[in-house]
Amino acid sequence: MAKYFQTKPHMRTIAKHIYRLLLRIKNASLLAFKRSLYSSISYFPEHANKRKSVLRRYYDQLKHTIKYGNPNAFYFLYGLDIKGMHNECDYIDYTQFMNTRNKLNNVNSPHSTVGILRNKFLFGIIANALDIATPNNIGIIESGKLYLLKSKETVDLRNWLTTHSSNVFIKDISGECGDGVYHMITDGCNITVDNKNVSFDELLSLLGSHRYLVQATITQHHKISAIHPKAVNTIRLETVYNRATNTIEVLPPLLRVGVGNNNVDNWAAGGLAIGIDVNSGTLNKHGFYKPGYGTKAIKHPTTGVVFEGYEIPYLKEAINVAKQFHSYLNDIHSIGWDIAITENGPCIIEGNDNWEVSLVQICSHGLQKEFKTLFK
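Residues numbered from 1 in each chain as written. Predicted model: local features only at pLDDT ≥ 70, side-chain atom pairs only at ≥ 80, totals over all residues. Heavy atoms only, no water.

S.K.: I would appreciate a short explanation of the packing of aromatic side chains in the present structure.
M.R.: Any aromatic ring pair is given by two values, namely how distant the centres are and how the planes are angled relative to each other. The final tally for this structure, using the stated rule, is 14 aromatic pairs. Here Phe-44 and Phe-288 contribute two aromatic rings whose centre-to-centre distance is 6.4 Å and whose plane-to-plane angle is 55 degrees, an arrangement assigned as tilted. Separated by 244 residues along the polypeptide, Phe-44 in the loop between helix H1 (2-30) and helix H2 (54-68) and Phe-288 in strand E13 (residues 282-288) bring together distant segments of the chain. Given the relative accessible area of 6%, Phe-288 is considered buried. Members of the aromatic cluster, each reached through a chain of ring pairs, are Tyr-94, Phe-97, Trp-355, Phe-371 and Phe-375. (Phe/Tyr/Trp six-rings, centres within 6.5 Å; stacked < 30°, edge-to-face > 60°. Helix = DSSP H or I, 4+ residues; strand = E, 2+ residues; numbered from the N terminus. Buried < 20%, exposed > 50% of the residue type's maximum accessible area, 1.4 Å probe, protein only.)

S.K.: Explain the sheet that holds strand E2 (residues 145-148) here, please?
M.R.: Two strands in a sheet stick together by hydrogen bonds in their backbones, pointing the same way (parallel) or opposite ways (antiparallel). Strands sit in the order E3-E2-E1-E8-E4-E5-E6-E7 across an open sheet of 8 strands; the sheet is antiparallel. In this open sheet, the two edge strands, each paired with only one partner strand, are strand E3 (153-156) and strand E7 (196-198). Strand-to-strand twist across the sheet, computed as the mean angle between neighbouring axes with direction ignored, equals 30 degrees. Sheet analysis places strand E4 (residues 165-172) next to strand E5 (residues 181-187), joined by 7 bridges and oriented antiparallel. Pairing of Asn-167 across the sheet is with Ile-185, part of E5. (Pairing = 2+ DSSP bridges. Axes fitted to C-alpha atoms, helices over the stretch in contact; angles between N-to-C directions.)

S.K.: Got a minute to help me understand the nonpolar core in this structure?
M.R.: Side chains of nonpolar character tend, in soluble globular proteins, to be buried together. Within the largest apolar cluster, 36 residues are counted, with the highest numbers of intra-cluster contacts made by Ile-235, Leu-283 and Ile-339. At 6 residues, the largest contribution of residues to this core is made by helix H9 (residues 315-327). Residues within four places of Leu-283 in sequence aside, it is in contact with Ile-227, Leu-255, Ile-274, Gly-275, Ile-276, Phe-307, Glu-308, Gly-309, Tyr-310 and Ile-312. Residues Tyr-78, Phe-97, Trp-355 and Phe-375 belong to the second largest nonpolar core, which totals 29 residues. (Core = buried A, V, L, I, M, F, W, Y, C linked by side-chain atoms within 4.5 Å. Contact = heavy atoms within 4.5 Å.)

S.K.: Explain the environment of Thr-186 to me, please; I cannot follow it from the model alone.
M.R.: With respect to the helices and strands, Thr-186 occurs in strand E5. Looking at Thr-186, the relative accessible area reads 3%, which means it is buried. Distance in space between the C-alpha atoms of Thr-186 and Val-168 is 8.8 Å, their sequence separation being 18 residues. Once you skip the residues sitting within four places of it in the chain, Thr-186 turns out to touch Leu-161, His-164, Ser-165, Ser-166 and Ile-191. There is a polar contact of 3.1 Å between the side chain of Thr-186 and the backbone oxygen of His-164. Reaching out from Thr-186, the side chain makes a polar contact with the side chain of Ser-166 at a distance of 2.6 Å. (Polar contact = N/O pair within 3.5 Å; in protein donor to acceptor, adjacent residues only side chain to side chain.)

Next comes the structure, spelled out in structure tokens:
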């Protein structure tokens, strides 16, 4: 029996290797049927004369699948379809990155402070205790009731909505990656959620049984609003705890902006992501769309604001406050911060332990070098 228990971990290791092998065989065999992975429009048409052939692109994706288990979903966004433009080995594969990130962030440890990032209510309490600016929390919605934090009383949600004018965001307290976030406007008679008029019953149906945090809407800096006034456009900034030097390092930041009538800046909702040059404090030349919404742009399609050289106010202050906040949570190895810029400075909306590396690489450069240095 003792010999069985000694062998069991080895059996799990063997099973894991077999699974990885089968996954590679499966995805490699299916690659030919997923033409969008090797035959899509280029994000860099200005280099059309240097574009690789379809066969070469297919070969690149096949190599990536054999090496990592999946094709590279960001092949065209990284410009890997252009000869001599970028080297794939400079970019981190997302699955490889995700597994390392989760391990270093101790996401399964009962002693980890990751829970502070994942609970928006708790996040606000900790930030306020550290005197770090975050959105003003008004109350908590649950089962048709609203607990008002300032007056410490529970009121009927319907009565509150019909007696107050409000412009707020309601957020699933434990929601992640922008899920369960709604913009709500009330005038005492009407309820508008994400630009759609809804009844009170429809609102309750939308919220379901989850608990929601009610936050006051942020008034962003006029220079940020000028890019796209209908959404709170946020800086995405990643900080990493360097264990060798006991310091907080910063990866290249980017700005996410809404497009059209969108009142959110989410890239997944059709927004643009634009790299920020830390040295000059200005935007880079191109903003990038998620596949399906377009490729890249040099100016905002709605407001016409040209990106290159556009100054981002309070950038240094945003970097400093993110590093300061992370220093109190340094058992979490890396954090992706969403930061709004107001007339008075940066306001941290949230921090994410499960942040996405691909968008950073799209807007800046491959981060393999930083990964090897910092993620160990």
